[in-house]
Amino acid sequence: MKNKDSYGHVRGESLFVDDVNVREGTLHAIVFDSPSAHGKIKNIDYSDAEKLDGVVRIFNYEAIPGENQIGGIFPDEPLFAENEVHFMGQPIALIVAKTLAIAKKAKQLIKIEIDALPVITTVKEAFEQGSFINGPRKFELDDVEKGFKESEHVFEGETFTNGQEHLYLETQGSYAIPLEHGTIKIFSSTQGPTAVQSTTAKVLGIPMHKIEVEVNRLGGAFGGKEDQATPWAVMTALAVYHLNKAVKLILERHDDVRMTGKRHPYESTFKIGLNKELKILAFEVDYYQNSGAAADLSPAIAERTLFHATNSYFVKNAKLTVHSCKTNLPPNTAFRGFGGPQGMFVIEAAIVKAAKALNVPVHKIQEANLLQENDVFPYGQIAKQVAIKKSWDAVKSTFNMAKKTQEIQDFNAKNQAFKKGLSLMPIAFGISFTNTPMNHARALVHIYNDGSVGISTGAVEMGQSVNTKMLQVAAMSFGLAPERVKIETTNTTRIANMSPTAASATADLNGKALLKACNSLKERMAPVIMEHLALTNSDKITYQDNFIFTNGTKSTLSWEALITATFLKRISLSEHAHYATPVIHFDKTIEKGHPFAYHVYGTALTTVTLDCIRGTYEFDAVEIVHDFGKTMNKGIDIGQVEGALVQGMGWMTMEEISYNEKGQLLSNSLSGYKVPDIFSVPKDVKVVPLETDGSEMAILKSKAVGEPPFMYGIGAYFAIQDAMAAFNPKYTYKFDAPMTPEKVLMGLYE
Ligand code: MOS
């Protein structure tokens, strides 16, 4: 089935927050934010701004009737700064005016005096000064000291991975309107409608049932709207609370990029020990996460770094510690992979470092350590249905790795100005929220008495096509054409207490809830069918092609006739179902358990050609064998792999976030921050599904696909260095991403 949104997207008809028809008299808002990364607010003078004709009101923390607190995990983040500011771009006030132009003008008239305090921008400074979000978190498997003693070879090193701007096409925004009895409806571009609802309720000091959050779709999110869509929604609701008028706030790109957090930069130190057979006996890492000025989702992201620290390898003894370092940058946040990519980069770097020192091919060490059935992860889960070796072997054979390696050697022998390089990147990614209590979802199904169907779930459509998958689930279950099913918006009055659309788990959780609702309705209708067709218990009923089939044969009973008959018998044609992932558990006191429903596996083979005069590179191909399970929608799933791959490659090769020592974002526009475009994608991307049985824990055995393929992009980093080493035998490998053309050029001639 085609993505149901593509037609509307291409024609420009799809509706986003900024497209919601506004009420007459809607007011427009803009955020006044901190010009300084750290300091005490001495004085703010709003008087000139307030006097400006058309300015309705300026709200700061004093206007908050409830708690000035939006922290999701820890209560450490005010909606509006009070006496101190902690990052440049921190919201201080909301200016509400009759037009956006007036609001902008008013912003220029606000005068602020700040007594500067020392600014921390790097994890090194934070660590030295003891500036942390929370205490360190540690996963241990067996005895790492013993592992190092038994190791034949031990290597140490450092790595750095930079942040990443989400660059969702639709910037952050919210439109809030007053309903009656003090109720507020918020149209938000959020991955977490319930988070918006509950945080708004807390800040306004009113119950959650007074807040309705409506989400039609998002123009991209990538994790950037899991937590950080909330403040803008709360601000508009606060203005509505006081003014009883509709208020709209859409961030302009520069404001969005300046005020919001990004992927966490990580600095890490590693130590790896291997035996003679190249088996990793010990792996010890300290990860220093640049969390920014408040917790946001940092502790959860740090946790996932630990969960993915050993990627798709079995490591006998491990000691993995993550430190969430508090700095004066905007609070960094969720971004596709959620700390996993940062962790996986380190073990790949460690393997490369070992391979170079031992003068063996990198893939030899990788291959010697791939996970096998029943291996244990450092967090205690036993690996089952392990498909990593299968995908690894499939990549090597399908894409003829031996021949490719030879061709590259020949090419490099013949060419001086151009060199080619290659890498293999295996991935293993766990599916489920690592916070077990979040793994649940609900779905609401109405069958209208004409036989058309409306479905609501807690899934948020953000370009990943989850709505199409939900439609498919219901249409398949009822044996209907997809046109007979309508997917409704995601709304907190229809689906309560949602977990955010995140962790790649949304299609599984909401799809399973939806399937349960459909099954309950079918169970309820079974007696109607049996009576109508005079069936016995041994007859098998199926729903197919808009008809009821009995024992595989089309009956005379159409879907519509069944619905009419059921309705006339006064049987409910609506169902609300709940699903909670079975099996999973995790005990944080011992850091052991079974946190993931299953893992997704795959391997990517990346080849690159380097221009050794200019330091630029082009990727010849990325060839992937990916474990989709039994894909329920090949087009959508392959699209997710391709998009994630390119996004991962961008993180690893060109996207370079930079702040100066004052905590000011220098890479604040698309002229200074380069993301992959059509010219930087690999010339050839091939994605071959791995033949597997799928997982019962996945919706229709179709495995989650949002985040895992992002980490194929890590292969790009190592393929480039492989080509660099072919040009400059004296080149020492570095683990300092992104590998921009500037860095390549310096490395080629070092
Ligand atoms: Mo996603 S990075 O789990 O919002």
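What you see is a predicted model; the values in this text were computed from it and never measured.

Enquirer: Could you give me a rundown of the nonpolar core, with the residues and numbers involved?
Expert: Counting 153 residues, the largest nonpolar core has Phe283 and Tyr287 as the members making the most contacts within it. Membership of the second largest hydrophobic core comes to 38 residues, among which are Ala176, Ile186, Ala221 and Ala233.

Enquirer: Report on the packing of aromatic side chains, specifying residues and quantitative values.
Expert: Within the structure shown, the criterion is met by 22 aromatic pairs. Each ring, one from Phe307 and one from Phe596, has its centre 5.3 Å from the other, and the planes form 75 degrees; the classification is edge-to-face. Residue Phe307 is located in helix α9 (residues 298-307), and its partner Phe596 is located in the loop between β26 (592-594) and β27 (598-611); the two are separated by 289 residues in the primary sequence. The residues Phe307 and Phe596 share a single accessibility class, namely buried. Ring centres of Tyr379 and Phe596 lie 5.6 Å apart, and the angle between their planes is 85 degrees; this geometry places the pair in the edge-to-face category. One end of the pair, Tyr379, is in the loop between α11 (362-368) and α12 (388-398); the other, Phe596, is in the loop between β26 and β27, and 217 residues separate them in sequence. Each member of the pair, Tyr379 as well as Phe596, is classed as buried. Put simply, the rings of Phe139, Phe307, Phe377, Tyr379, Phe586 and Phe596 touch in pairs and so form one group of aromatic residues. Between Arg217 and the ring centre of Phe16, over which it is positioned, the NZ or CZ distance is 5.7 Å. Over the face of the ring belonging to Trp651 we find Arg263, whose NZ or CZ atom lies 4.9 Å from the ring centre.

Enquirer: Any chance you could break down helix α19 (residues 741-748) for me, citing the residues and the numbers?
Expert: Buried within α19 are the following residues: Val744, Gly747 and Leu748. Along α19, the residues classed as buried sweep out an arc of 100 degrees about the axis, all on the same side. Facing away from the buried surface of α19 by more than 90 degrees, the exposed residues are Glu742 and Met746. Where the residues of α19 are buried, they touch β27, β28 (616-626) and α18 (714-727).

Enquirer: With reference to specific residues and values, describe the environment of Gly147.
Expert: Along the chain, Gly147 falls in helix α5 (residues 144-150). Here the alpha-carbon distance between Gly147 and Val600, two residues 453 residues apart in the chain, equals 28 Å. Ignoring anything within four residues of it in the chain, the contact list for Gly147 reads Leu281, Ala282 and Asn317.

Enquirer: How would you explain helix α7 (residues 230-243) if you had to name every residue and give the values?
Expert: The first and last C-alpha atoms of α7 sit 20 Å apart over 14 residues, in line with the 20 Å expected at 1.5 Å per residue. Those residues of α7 lying buried are Thr230, Pro231, Trp232, Ala233, Val234, Met235, Thr236, Ala237, Leu238, Ala239 and Val240. Within two residues after α7, Asn244 carries a phi angle of roughly 55 degrees, on the positive side.

Enquirer: Give a detailed account of the packing of helix α15 (residues 506-533) against helix α16 (residues 559-568), specifying residues and quantitative values.
Expert: The relative placement of two packed helices comes down to the angle between their axes together with the axis-to-axis distance. At a closest axis distance of 10 Å, the pairing of α15 and α16 adopts a crossing angle of 100 degrees. Considering the angle they form, α15 stands roughly perpendicular to α16. In contact with Met525, Val528 and Ile529 of α15, α16 contributes Trp559, Leu562, Ile563, Ala565 and Thr566.

Enquirer: How would you explain empty space enclosed by the protein if you had to name every residue and give the values?
Expert: In this structure the tally under the stated criterion is six cavities of 30 Å³ or more. The volume enclosed by the largest cavity comes to roughly 80 Å³. Elements represented by at least two residues in the lining of the largest cavity include exactly β1 (27-33), α3 (100-109), β12 (247-250) and α8 (253-259). Here the lining of the largest cavity is built from residues that sort into eight nonpolar, no polar and four charged.

Enquirer: So what's going on with unusual backbone geometry? Which residues, and what values?
Expert: If a residue is not glycine, its phi is most likely negative; likewise, a peptide bond is most likely trans. Put simply, Ala737 and Pro738 share a cis peptide bond, and its omega is 5 degrees. Mapped onto the fold, Pro738 is located in the loop between β30 (736-737) and α19. With a phi close to 45 degrees, Asp296 is a non-glycine residue in the positive phi region. Structurally, Asp296 is set in the loop between β14 (280-292) and α9. Taking the relative accessible area as the measure of exposure, Asp296 reaches 3% and is therefore buried. The phi torsion at Asp545 lies on the positive side, around 50 degrees, for a residue other than glycine. Looking at Asp545, the relative accessible area reads 55%, which means it is exposed.

Enquirer: So what's going on with the side chain of Thr190? Residues and values would help.
Expert: One can find Thr190 in the loop between β10 (184-188) and α6 (193-204). A distance of 3.5 Å separates the side chain of Thr190 from the backbone oxygen of Lys225, its partner in a polar contact. Among residues more than four places away in sequence, those in contact with Thr190 are Val196, Val215, Leu218, Lys225, Ala229 and Val460.

Enquirer: Lay out a negative patch on the surface in plain terms, naming residues and giving numbers.
Expert: A contiguous patch of negative charge on the surface is contributed by Glu140, Asp142, Asp143 and Glu145. With respect to the secondary-structure elements, Asp143 resides in the loop between β7 (137-141) and α5.

Enquirer: I'd love a proper account of the sheet that holds strand β9 (residues 173-178), names of residues and values included.
Expert: Strand order in the open sheet formed by eight strands is β3-β5-β1-β12-β9-β10-β11-β20, with mixed pairing between adjacent strands. Edge positions in the sheet fall to β3 (55-59) and β20 (490-491), since each has one partner strand and no second. Examined bridge by bridge, β10 and strand β11 (residues 211-215) share four bridges and lie parallel to one another. Across the sheet, the residue bridging to Phe187 is Glu214, located in β11. On top of the sheet, α6 reaches β10, β11 and β20; it is set at about 150 degrees to β11, its chief contact. In this fold α7 packs onto β1, β3, β5 (91-97), β9, β10 and β12, with an angle of close to 25 degrees to the strand it touches most, β9.

Parameters at a glance
- Residues numbered from 1 in each chain as written.
- Predicted model: local features only at pLDDT ≥ 70, side-chain atom pairs only at ≥ 80, totals over all residues.
- Heavy atoms only, no water.
- Core = buried A, V, L, I, M, F, W, Y, C linked by side-chain atoms within 4.5 Å.
- Buried < 20%, exposed > 50% of the residue type's maximum accessible area, 1.4 Å probe, protein only.
- Phe/Tyr/Trp six-rings, centres within 6.5 Å; stacked < 30°, edge-to-face > 60°.
- Helix = DSSP H or I, 4+ residues; strand = E, 2+ residues; numbered from the N terminus.
- Lys NZ or Arg CZ within 6 Å of the ring centre and 35° of its normal.
- Arc of directions from axis to C-beta.
- Contact = heavy atoms within 4.5 Å.
- Expected span 1.5 Å × (residues − 1).
- Axes fitted to C-alpha atoms, helices over the stretch in contact; angles between N-to-C directions.
- Parallel < 35°, antiparallel > 145°, perpendicular 65-115°, else oblique.
- 1 Å grid on protein atoms, 1.4 Å probe; cavity = no way out; pocket = protein on both sides within 12 Å on 5 of 7 lines; lining within 4 Å.
- Points joined across faces, edges and corners; volume = space filled by probe spheres on them.
- Nonpolar A, V, L, I, M, F, W, Y, C, P; charged D, E, K, R; others polar.
- Polar contact = N/O pair within 3.5 Å; in protein donor to acceptor, adjacent residues only side chain to side chain.
- Patch = residues over 30% accessible without salt bridge, like charges linked within 9 Å, V, L, I, M, F, W, Y side chains within 5 Å.
- Areas by Shrake-Rupley, 256 points an atom, 1.4 Å probe, with all protein chains shown as cover.
- Salt bridge = Lys/Arg side-chain N within 4 Å of Asp/Glu carboxyl O.
- Lys, Arg positive; Asp, Glu negative; His and termini not counted.
- Charge placed at Lys NZ, Arg CZ, Asp CG, Glu CD.
- Pairing = 2+ DSSP bridges.

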